[in-house]
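Inside the fold
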Amino acid sequence: MQHLIDLNSLSPEQLYEIVDMAGRISQNPSHYAEACKGKIMATLFYEPSTRTQMSFQSAMLRLGGSIIGFDNPSGSSVAKGESLKDTIRVVSGYSDVVVIRNPNEGAALASSLYSKVPVINAGDGGHLHPTQTLTDIVTLHNIKGRTENLTIGLCGDLLNGRTVHSLIKTMCKFKGNSFVLISTPKLGLPDYIKELLDEAGCPYKELTSLHKAIEELDVLYMTRIQRERISSDAEYEAQRGIYILDAKKLEAAKPDLCILHPLPRVDEIEVEVDDDPRACYFLQAEYGMFARMALLVTMLVKDSDIGTTEKEGKVKITVDSTKCLNPRCITRKEHYLPNRSLQIGEAIACEYCEHRI
Amino acid sequence: MQHLIDLNSLSPEQLYEIVDMAGRISQNPSHYAEACKGKIMATLFYEPSTRTQMSFQSAMLRLGGSIIGFDNPSGSSVAKGESLKDTIRVVSGYSDVVVIRNPNEGAALASSLYSKVPVINAGDGGHLHPTQTLTDIVTLHNIKGRTENLTIGLCGDLLNGRTVHSLIKTMCKFKGNSFVLISTPKLGLPDYIKELLDEAGCPYKELTSLHKAIEELDVLYMTRIQRERISSDAEYEAQRGIYILDAKKLEAAKPDLCILHPLPRVDEIEVEVDDDPRACYFLQAEYGMFARMALLVTMLVKDSDIGTTEKEGKVKITVDSTKCLNPRCITRKEHYLPNRSLQIGEAIACEYCEHRI
Amino acid sequence: MQHLIDLNSLSPEQLYEIVDMAGRISQNPSHYAEACKGKIMATLFYEPSTRTQMSFQSAMLRLGGSIIGFDNPSGSSVAKGESLKDTIRVVSGYSDVVVIRNPNEGAALASSLYSKVPVINAGDGGHLHPTQTLTDIVTLHNIKGRTENLTIGLCGDLLNGRTVHSLIKTMCKFKGNSFVLISTPKLGLPDYIKELLDEAGCPYKELTSLHKAIEELDVLYMTRIQRERISSDAEYEAQRGIYILDAKKLEAAKPDLCILHPLPRVDEIEVEVDDDPRACYFLQAEYGMFARMALLVTMLVKDSDIGTTEKEGKVKITVDSTKCLNPRCITRKEHYLPNRSLQIGEAIACEYCEHRI
């Protein structure tokens, strides 16, 4: 049985397969209108995300399937102190696929250990958000016509931006891509992602000015400064509004620049930009629905080998006694979880949250 | 593409068309069981209203369609500070029709400016609630057999009663209707509605006693004193319970009186009245489902011209710099919205919330 | 029109019929995939219970039906002070079956007085929870192959455990069953249930040690100490953790012991037990879905006579002026409800909550 925990566990070929499927579906949706008829998707959202949840729900409904789930833990058994394991064991008995979003890092992998049906990671804390990245790839494939040889600018919160980390990991699998990292030092890209870029031999530079960076970009990926991921409000106020994209800044940009944003935005893109043909973020949200339809069809309909938990270039450590020290790791909350760590080059990392041990 | 923001934008003919459709559906629901198959309705409820939301949901489900949405903004992207525009742009990419309820006046019209699919106004603050009025018309058509030559009593909160304002606007389009306005001076009908009655040459009188008024009525429309629309609790306690309909008061009423209430009621109608054959408010709720089925079929299935935003007797002002001063107007919250105002006779009004400028 | 308020109102034959149906459905679910097509189930959950709600929802969806409802009263008309009667009258006009969970005892019976469609009791306070019991019976029938001649241990909170009371009432209808009641004196089984055991001539003993009891059991039914039903936190802390089932205690148990738990569990069963073949509680949750499918098919599809409100050996008292004094009875909250009481042997009991008067 297969899961989608980390897009990284897919080969470029597998990824292309889903991207192609998304294209075919968007061309001819009625052909897929009953592809998942009689199947039930459970959406277990332990933190709010209407965007992602509605995208999955409309995807499943457009495939003829149906939906159960919650978006409001206080109204759920969780309020009675139920463990993640128990919730997953029971809900996977009711449904054909489980989509989970959880504030703890590694929660999706943890769920996959106990689920009777495929698990899709819809975001585990600040860790991974593979279907957002899948959305981004599908969008680039359709708008730029390629996912290779692109100069990709990433702007805003690169420290906590889950979607940014996931996008970088995936894009450096395709040849000829380079990155321009635009952020304040305080919100710069974490070192372990930079290591991945180096390992992949993928060129990148770090800038603090969006204005200076914009002219060379094929793609500009804007991100929200996430209040809920920043400790103090003062810190939040200091960081937000440093990188605001407006019509003025866009004057220096290429005519075929592709502006993306995972949404929701607060004010990092001025509303005036929405009418610029280079603004693709609303289109991106729509491709997100087709990307998720493609994923569901691939996982539920055609028997596929996506989402192998084996990760290339990583050696699983079987007998294992090392506890993860990351306070946000799911293993710190759900104590019955077995220790699982990976050897990545020299380093040892927790398999759940991928923090170095 | 068409929306339903204000029932006022429909001609009596268009209105009758929907009313007839509601009748045909209620006679033969199975005939329409797959009319909206494969279509998705998004219900965006920014304030609670189980009544309205369930009525829309059952309507769409009984037409074979499906549903996404939220009723709990704290669990939605709104909690992350997303603008109405962004939410609508994205959700209208997932769905075939958007049903919106929002505490800000004009929010539905604002949504229609950015939606890719039809928008239905399910209540915008104290402003409009067209599908409730549609429900009322369908109910009168079926129970009284006519929507003309009726003496209609309206009792309770006529100041804040959105449904009352909307019902009056619509009923004065039909010939021979007259109104009896029953309320305390503090909760009397706003002047701009009285102006409409005068413009339409529609007779009305204002009374403070339900007892005195009841004997001449064909229809008695009771309303709830809405706690959430009244500033102080003291004020609320003072107003509620002044007009309570009981078996005693009904003794003076006509045998074929039709008692309506938009529901939910608190205590403005005694429970003992429920068993009186003249009590039609539960039946009214059921007609509400058929009215919404008719609306969805008309908007989504047969290509119709309902809901033109052109309003009869109102001249759109194109180049426009006048800001609306109504603190509850959506334009005060969503600053990117273009100014839009209308010339109505002598006066200028904001097109969103219709407040005189 | 029929309801399911109390499993006790079913004869063993009627119960078997549903149990058999559940078996047929679990063997061949696709045969029933459209049994409830075009039908709508309303789930009115006035207190959180994801487990029960999702089980009902997946049951209805797997029968091809659809769903409306709420799980969050603050987001419902209830927040506007609507009575249970009004909610039921309106919602039963939108739907084909109403599933209600409410913290007040007797709320389901009260609902059935005003509903236009069948009502299913999904838990009314600490009173009844018939579909959990139905789940338990279906599980025993499938795992033990019988519901007779079983030695059944019940452990934990026997005072407040709604599911325990309901299970005992039902199991003593089948011949040859005996009970071992394992609890602290503070959380012992209420006297009126013991009276029922005596009336049914059903042997039972009370023990305080799980260790001593376990070896003779065919079935061990563990329950959660329900924080929300115990007054003080101190009291809760004192009671919980007294009866924790672990691998050690299981050494003395029969090899074919069947361990059940209504779920959610907190820590009354150690996680290590989950991998023991005798642990059946997750399987039980799955049978719960099939049990509910069988119930819905029986109530909505084949015209059945289940759920007669007549209760064997109980005489309804028609003219009735005795008010119930149980503070948790629905009649204390919804004052329009008619008094209803039953003569049970010598005693008189409120028909809503069954408290002796």
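Attention shifts here to the interface of chain B and chain A. Chain B puts 28 residues into the contact, and the matching count from chain A is 25 residues. Our count for the chain B to chain A interface comes out at six salt bridges. Between Glu286 of chain A and Lys116 of chain B there is a salt bridge; the shortest N-O distance is 2.5 Å. Joining chain B to chain A, the criterion identifies seven residue pairs in polar contact (both at pLDDT 80 or more). Breaking the side of chain B that touches chain A down by element, the ones donating at least two residues are strand E1 (40–45), strand E2 (66–70) and helix H3 (84–94) of chain B.

Attention now moves to the environment of Ala349 of chain A. Residues and elements named next belong to chain A. Along the chain, the position of Ala349 falls in strand E12 (residues 347–350). Residue classification places Ala349 among the buried positions, given a relative accessible area of 1%. Between the alpha carbons of Ala349 and Arg328 there is a distance of 14 Å; along the sequence they are 21 residues apart. Discounting chain neighbours no more than four positions away, the residues touching Ala349 are Arg340, Ser341, Leu342, Ile344, Glu354, His355, Arg356 and Ile357.

Here we take up the packing of helix H1 (residues 12–27) of chain A against helix H11 (residues 281–301) of chain A. All names here are of chain A. At their nearest, the axes of H1 and H11 sit 8 Å apart, and the two run at 115° to each other. The angle between the axes of H1 and H11 places the two elements in the roughly perpendicular class. As for the relative orientation of H1 and H11, their crossing is right-handed in sense. Of the residues in H11, those in contact with Glu17, Ile18, Met21, Ala22, Ile25 and Ser26 of H1 are Phe290, Ala291, Met293, Ala294, Leu295, Val297 and Thr298. Each residue belonging to the contact of H1 with H11 can be placed in one class, and the counts come to ten nonpolar, two polar and one charged.

Residues and elements named next belong to chain B. When the terminal C-alpha atoms of helix H5 (residues 130–143) are compared, their 20 Å separation across 14 residues agrees well with the 20 Å that a helix rising 1.5 Å per residue should span. Buried residues dominate H5, accounting for eleven of its 14 residues. Those residues of H5 that sit buried are Pro130, Thr131, Gln132, Thr133, Leu134, Thr135, Asp136, Ile137, Val138, Thr139 and Leu140. Once H5 finishes, Gly145 follows within two positions and takes phi at roughly 80°, a positive value.

It is worth spelling out the relation of the copies chain B and chain A at this point. Note on the copies: chain B fits chain A at an RMSD of 0.0 Å, the axial shift is 0.0 Å, and the rotation between them is 120°. Taken together, the rotation and translation describe the operation of a three-fold axis. A share of only 4% of interface residues in chain B that are also interface residues in chain A marks the association as one of differing surfaces.

A word on the sheet that holds strand E3 (residues 97–102) of chain C. Residues and elements named next belong to chain C. One open sheet holds the four strands; their spatial order is E2-E1-E3-E4, and the pairing between them is parallel. Edge positions in the open sheet fall to strand E2 (66–70) and strand E4 (119–124), since each of these has one partner strand only. For this sheet, the mean inter-axis angle between neighbouring strands, taken without regard to orientation, is 15°. Pairing analysis gives five bridges linking strand E1 (residues 40–45) to E3, with the strands arranged parallel. Within E3, the residue paired with Thr43 across the bridge is Val99. Of the strands in this sheet, E1, E2 and E3 touch helix H3 (residues 84–94), which is tilted by about 150° from E3.

Further remarks concern the pairing of strand E6 (residues 178–182) of chain B. Residue and element names in this part refer to chain B. Within E6, five of the five residues are buried, which leaves the element mostly enclosed by the surrounding structure. Burial of E6 is two-sided: the residues Ser178, Val180 and Ile182 facing one way and the residues Phe179 and Leu181 facing the other way are all buried. As defined by bridge partners, strand E5 (residues 151–155) adjoins E6 across five bridges and the pair is classed as parallel. Among the inter-strand pairings, Thr151 is bridged to a residue of E6, identified as Ser178. Where E6 and strand E7 (residues 204–207) come together, four bridges link them in parallel fashion. When the bridges of E7 are listed, Phe179 appears paired with Tyr204. Since E6 and E7 lie parallel, the crossover through helix H7 (residues 191–199) that links them has a hand, and here it is right-handed.

This part covers the pattern of salt bridges. Oppositely charged side chains may form a pair once their charged atoms are brought near each other. Under the counting rule described, the total for this entry stands at 60 salt bridges over all chains. Linking Glu34 of chain A and Lys37 of chain B is a salt bridge whose minimum nitrogen-to-oxygen distance equals 3.2 Å. Of this pair, Glu34 of chain A sits in the loop between H1 and strand E1 (40–45) while Lys37 of chain B sits in the loop between helix H1 (12–27) and E1, which puts the two residues in different chains. A relative accessible area of 43% places Glu34 of chain A in the partly exposed class. Residue Lys144 of chain C pairs with Asp256 of chain C through a salt bridge whose shortest N-O separation is 3.6 Å. Taken together, the residues Lys144 of chain C in the loop between helix H5 (130–143) and strand E5 (151–155) and Asp256 of chain C in the loop between helix H10 (247–250) and strand E9 (258–260) connect sequence positions 112 residues apart. Since its relative accessible area comes to 14%, Lys144 of chain C is described here as buried. Note on Asp256 of chain C: relative accessible area 45%, which makes it partly exposed. Because the salt bridges share partners, they merge into one network encompassing Lys85 and Asp86 of chain A together with Arg265 and Asp274 of chain C.

Turning our attention to the interface of chain C and chain B. With 28 residues of chain C at the interface, the matching set in chain B holds 25 residues. Interface area, chain C with chain B, both sides summed: about 2300 Å², of which 52% is carbon and sulfur. For the interface between chain C and chain B, the tally reads six salt bridges. For the salt bridge of Asp86 of chain C with Arg265 of chain B, the shortest nitrogen-to-oxygen distance reads 2.6 Å. Where chain C touches chain B, the interface holds seven residue pairs in polar contact (both at pLDDT 80 or more). Mapped by element, the contributors of at least two residues to the side of chain C that touches chain B are E1, E2 and H3 of chain C. Looking at the side of chain C that touches chain B element by element, the count peaks at seven residues for H3 of chain C. A per-class count over the side of chain C that touches chain B returns nine nonpolar, eleven polar and eight charged.

Turning our eyes to something else, we now look at unusual backbone geometry. Omega for the peptide link from Leu263 of chain A to Pro264 of chain A comes to -5°, which places this bond in the cis form. Positioned with a positive phi, Glu354 of chain A is a non-glycine residue whose angle comes to about 65°. On the secondary structure map, Glu354 of chain A appears in the segment after E12. In this structure Glu354 of chain A comes out as buried when scored by relative accessible area, which is 6%. Positioned with a positive phi, Leu263 of chain C is a non-glycine residue whose angle comes to about 60°.

Once that is clear, we can look at the sheet that holds strand E2 (residues 66–70) of chain A. All names here are of chain A. Pairing is parallel across the open sheet formed by four strands, whose spatial order is E2-E1-E3-E4. Edge positions in the open sheet fall to E2 and strand E4 (119–124), since each of these has one partner strand only. On average, each strand axis in the sheet is inclined to that of its neighbour by 15°, with strand direction left out of account. Sheet contacts for helix H2 (residues 50–62): E1, E2, strand E3 (97–102) and E4; angle to E1, the most-contacted strand, approximately 175°.

Criteria and thresholds
Residues numbered from 1 in each chain as written. Chains lettered and ligands numbered in written order. Predicted model: local features only at pLDDT ≥ 70, side-chain atom pairs only at ≥ 80, totals over all residues. Heavy atoms only, no water. Contact = heavy atoms within 4.5 Å. Salt bridge = Lys/Arg side-chain N within 4 Å of Asp/Glu carboxyl O. Polar contact = N/O pair within 3.5 Å; in protein donor to acceptor, adjacent residues only side chain to side chain. Helix = DSSP H or I, 4+ residues; strand = E, 2+ residues; numbered from the N terminus. Buried < 20%, exposed > 50% of the residue type's maximum accessible area, 1.4 Å probe, protein only. Axes fitted to C-alpha atoms, helices over the stretch in contact; angles between N-to-C directions. Parallel < 35°, antiparallel > 145°, perpendicular 65-115°, else oblique. Left-handed = near helix turned anticlockwise from the far one by under 90°. Nonpolar A, V, L, I, M, F, W, Y, C, P; charged D, E, K, R; others polar. Expected span 1.5 Å × (residues − 1). Least-squares fit on C-alpha atoms with pLDDT ≥ 70 in both. Pairing = 2+ DSSP bridges. Right-handed = clockwise from strand over helix to strand, strands pointing away. Buried area = accessible area lost by both parts, 1.4 Å probe.

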